[in-house]
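Coordinate analysis (summary)
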Amino acid sequence: MTDPCLPECGVARFLTLLNGPWATLIVRELLHGPHRFTQLRDALPGISPHTLTSRLRQFERHGIVTRTTFAEIPPRVEYALTPLGEGLRDVLEAMGTWAMAVPDPAAEMTA
């Protein structure tokens, strides 16, 4: 059964799941391995705790991220990509390669 909240079109579904720049950047950080909440927040200057929490919960709900709580004092929580989330590696690498091929108009003006 399909999720009624997700569009049928693959591109629209991708954009819904990775809504906004923070979502993609969170995935980028998690591609390096599991992170604690504060590590993610520190790696993404400008992200609010509310936005980070919201995106991580959405990713967890859709099976992109796992949240593991360790029985320690104080409790430690780590977020990691699932195999589904790891599948975004090629997508993000392709996006980065494409973006770096786009000429920078400011650099061309100084040349």
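Our subject in this report is the structure included herewith.

Parameters and conventions
The residue numbering used here restarts from 1 in each chain and proceeds along that chain's sequence as written. Local features in this predicted model are restricted to residues whose pLDDT is 70 or higher, and side-chain atom pairs enter the listing and the counts only when it is 80 or higher, whereas totals over whole chains, interfaces and linings include all residues. Note that water and hydrogens are dropped before the side-chain values are worked out from all heavy atoms of the structure. A pair of aromatic rings is counted whenever rings of Phe, Tyr or Trp (Trp by its six-membered ring) have centres within 6.5 Å, and the orientation is called stacked for planes under 30 degrees apart, edge-to-face for over 60 and tilted otherwise. Whether a charge lies above a ring is judged from NZ of Lys or CZ of Arg, which has to be within 6 Å of the ring centre and within 35 degrees of the ring normal. Cavities and pockets were defined on a 1 Å grid built over protein atoms only: a cavity is a set of grid points that admits a 1.4 Å probe from which the probe cannot escape, a pocket is an open set flanked by protein on both sides within 12 Å along at least five of seven lines, and lining residues are those with an atom within 4 Å of any such point. Grid points are joined across faces, edges and corners, and a volume is the space filled by probe spheres set on the points. Numbering goes from the N terminus for both helices and strands, where a helix is a DSSP run of H or I of at least four residues and a strand is a run of E of at least two. Only Asp, Glu, Lys and Arg are considered charged in this grouping, and only Ala, Val, Leu, Ile, Met, Phe, Trp, Tyr, Cys and Pro are considered nonpolar; every other residue, Gly among them, is considered polar. Axis angles are defined between N-to-C directions and span 0 to 180 degrees, where every axis is a line fitted to C-alpha atoms and, for a helix, only to the segment in contact. Here is the rule for angles: anything less than 35 degrees is roughly parallel, anything more than 145 is roughly antiparallel, 65 through 115 is roughly perpendicular, and the remaining ranges are oblique. Handedness of each helix crossing follows the sense of rotation of the near helix against the far helix: counterclockwise by less than a right angle gives left-handed, clockwise gives right-handed. Here a residue-residue contact requires only that any non-hydrogen atoms of the pair lie within 4.5 Å. One fewer than the residue count of a helix, multiplied by 1.5 Å, yields its expected span. Residue exposure (1.4 Å probe, protein chains only): buried if accessible area is under 20% of the type maximum, exposed if over 50%, otherwise partly exposed. Directions drawn from the helix axis to the C-beta atoms are what define this arc.

Some points on the packing of aromatic side chains
Counting across every chain of the model gives zero aromatic pairs. Across from the ring centre of phenylalanine 70, 3.8 Å away, lies the NZ or CZ of arginine 76, which sits over that ring.

Some words on the layout of surface pockets
Considered as a void within the structure, the largest pocket measures approximately 160 Å³ in volume. If you list the elements that add at least two residues to the lining of the largest pocket, you get helix H2 (20–30) and helix H6 (88–101). Ranked by the residues each element gives to the lining of the largest pocket, the list is headed by H6, at five residues. A per-class count over the lining of the largest pocket returns four nonpolar, three polar and three charged.

Concerning the packing of H2 against H6
Interhelical geometry of H2 versus H6 gives an angle of 115° and a closest axis separation of 11 Å. Considering the angle they form, H2 stands roughly perpendicular to H6. Like other packed secondary-structure pairs, H2 and H6 cross with a definite hand, here left-handed. Two secondary-structure elements touch here, H2 through Thr24, Val27 and Arg28 and H6 through Leu88, Leu92 and Met95. In the contact of H2 with H6, the residues fall into four nonpolar, one polar and one charged.

Regarding helix H4 (residues 49–61)
The end-to-end C-alpha distance of H4, which contains 13 residues, comes to 18 Å, matching closely the 18 Å that a straight helix rising 1.5 Å per residue would cover. Within the sequence span of H4, burial applies to Thr51, Leu52, Arg55, Leu56, Gln58 and Phe59. Viewed along the axis of H4, the buried residues span an arc of 160°, placing them on a single side of the element. For H4, the exposed residues set more than 90 degrees away from the buried face come down to His50, Arg57 and Arg61. Taken from the residues just after H4, glycine 63 is the one with a positive phi, measuring 75°.

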